[in-house]
Amino acid sequence: MGSLAGRVAFISGGARGMGAAEAKLFVREGASVAIADILDDRGRALAAEIEQGGGKAMYVHVDVSLEADWIKAAAAVRERFGRIDILVNNAGINDRQTIMGTSPESWRKVMAVNVDGTLFGLRAIAPIMRDGGGGAVVNIASTAGYSGNSFAAYATSKWAVRGLTKCAALEFAPWRIRVNAICPGLVLSELNTGQPYIEPMAKATPLGRAGDVEDIAKLALFLVSDASDYITGQDHIIDGGFTAGLVLPSAPAK
Ligand SMILES: NC(=O)c1ccc[n+]([C@@H]2O[C@H](COP(=O)([O-])OP(=O)(O)OC[C@H]3O[C@@H](n4cnc5c(N)ncnc54)[C@H](O)[C@@H]3O)[C@@H](O)[C@H]2O)c1
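Cut-off values and rules
- Residues numbered from 1 in each chain as written.
- Predicted model: local features only at pLDDT ≥ 70, side-chain atom pairs only at ≥ 80, totals over all residues.
- Helix = DSSP H or I, 4+ residues; strand = E, 2+ residues; numbered from the N terminus.
- Rg over C-alpha atoms; globule rule 2.2 N^0.38 Å.
- Buried ≥ 20, exposed ≤ 12 C-beta atoms within 10 Å, placed from the backbone.
- Contact = placed C-beta atoms within 7 Å.
- Near = placed C-beta within 6 Å.
- Nonpolar A, V, L, I, M, F, W, Y, C, P; charged D, E, K, R; others polar.
- Pairing = 2+ DSSP bridges.
- Axes fitted to C-alpha atoms, helices over the stretch in contact; angles between N-to-C directions.
- Core = buried A, V, L, I, M, F, W, Y, C linked by C-beta atoms within 7 Å.
- Expected span 1.5 Å × (residues − 1).

1. Quick notes on the overall build of the protein
Then comes step 1: Counting its regular elements, the protein contains seven helices and seven strands.
Then comes step 2: In sequence order, the secondary structure elements of the protein are arranged as β-α-β-α-β-α-β-α-β-α-β-α-α-β.
Then comes step 3: Taking 2.2 N^0.38 as the reference for a compact globule, 254 residues should give roughly 18 Å; the C-alpha atoms of the protein span a radius of gyration of 18 Å, in line with that estimate.
Then comes step 4: Seen through its C-alpha atoms, the protein measures out along the principal axes to roughly 60 × 45 × 40 Å.
Then comes step 5: Out of the 254 residues belonging to the protein, those deemed buried represent 45%.
Then comes step 6: The contacts in the protein between residues at least 6 apart in sequence include a share of 72% that link residues at least 24 apart.

2. Quick look at the site of the ligand
Then comes step 1: Taken together, 28 residues are adjacent to the ligand, and Gly13, Gly17, Gly92, Ser189 and Leu191 come closest.
Then comes step 2: With three residues, the single largest contributor to the shell around the ligand is helix α1 (residues 17-28).
Then comes step 3: Looking at the shell around the ligand, its residues break down into 14 nonpolar, 10 polar and four charged.

3. Thoughts on the environment of Thr118
Then comes step 1: Among the secondary structure elements, Thr118 is positioned in helix α4 (residues 104-131).
Then comes step 2: Beyond its immediate sequence surroundings of up to four residues, Thr118 is in contact with Asn89, Asn139, Val161 and Leu164.

4. A few points about the sheet that holds strand β1 (residues 8-12)
Then comes step 1: Spatially, seven strands are ordered β3-β2-β1-β4-β5-β6-β7 in an open sheet, and the strand pairing comes out parallel. In this open sheet, the two strands that pair with only one neighbour each are β3 (57-61) and β7 (235-238). Geometrically, the sheet is characterised by an average inter-axis angle of 20° between neighbouring strands, direction not taken into account.
Then comes step 2: As defined by bridge partners, strand β5 (residues 135-140) adjoins strand β6 (residues 177-184) across six bridges and the pair is classed as parallel.

5. Notes on the nonpolar core
Then comes step 1: Counting residues in each nonpolar core, the largest one holds 76 residues, and the members touching the most others are Phe10, Ala23, Val33, Ile35, Val77, Ile182 and Ala220.
Then comes step 2: At nine residues, α4 tops the list of elements feeding residues into this core.
Then comes step 3: Every residue in contact with Val77, bar those within four places of it in the chain, is listed here: Val8, Phe10, Ala34, Met58, Val60 and Ile84.

6. Quick word on α1
Then comes step 1: The end-to-end C-alpha separation of α1 is 17 Å, in line with the 16 Å expected for 12 residues at 1.5 Å each.
Then comes step 2: Across the 12 residues of α1, 11 count as buried, placing the element largely inside the fold.
Then comes step 3: Those residues of α1 lying buried are Gly17, Met18, Gly19, Ala20, Ala21, Glu22, Ala23, Lys24, Leu25, Phe26 and Val27.
Then comes step 4: Following α1 by one or two positions, Gly30 has its phi on the positive side, about 105°.

Here it is in structure tokens:
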């Protein structure tokens, strides 16, 4: 029996990247998964691949910035699987603009997907979890939500996700729903393929490499499983030590 046997997980942005890695890992641990995305072909293909492997999966089209999409998809998932125990608010975008380079439209788009999307996910799924006796939510923030950086809307949106996580943990604790945030550092995915910061950041990471999507999926699994059943309202940084501090050239490890 896997650690998620009998549970149903809803993963936004689940068609690729971290969301897809979480879908596959959760299925291996016994969960049924709903993969929600705007990449319909990839999402459907992943759900089919999981089903062909003997797992239970479905694809639902959800633009996370539209609350109506969430409500429709949540109802479809409850109809198919009967319950929802786990939500990963993972869908996210980055416009990579400075403050002076950010247009109002681009700012609104990043906020709509990263922040509104997280809010709408909570609003659509938490009542279904409550009806099933509780659940666990993981919101994917970022280490960009721990400091400033050159991407103004993205960093601001991820600070907001951390704040919303704490509000949700307080509000939903009486419904036996735990809510935590994961704050990844650099992770190799299609979000940042070819970006010039990958190599310098990987080199500056104490553990000597960028993260991969499976690193994040393993932490997500811990946070949605009973292994973390007294943890809620917290941020969990996973970055190979990048934010731990500076490695000074004069103090090498001996
Ligand atoms: N890759 C990194 O270095 C990194 C670091 C920290 C945090 N994150 C965060 O991790 C999460 C996953 O990112 P990833 O690296 O796997 O990137 P990714 O681009 O591979 O995956 C993001 C997924 O979200 C989906 N998505 C985008 N807009 C959507 C919308 N409006 N509605 C529904 N789905 C939508 C995409 O189609 C895609 O499947 C994001 O929230 C991202 O901000 C990524």
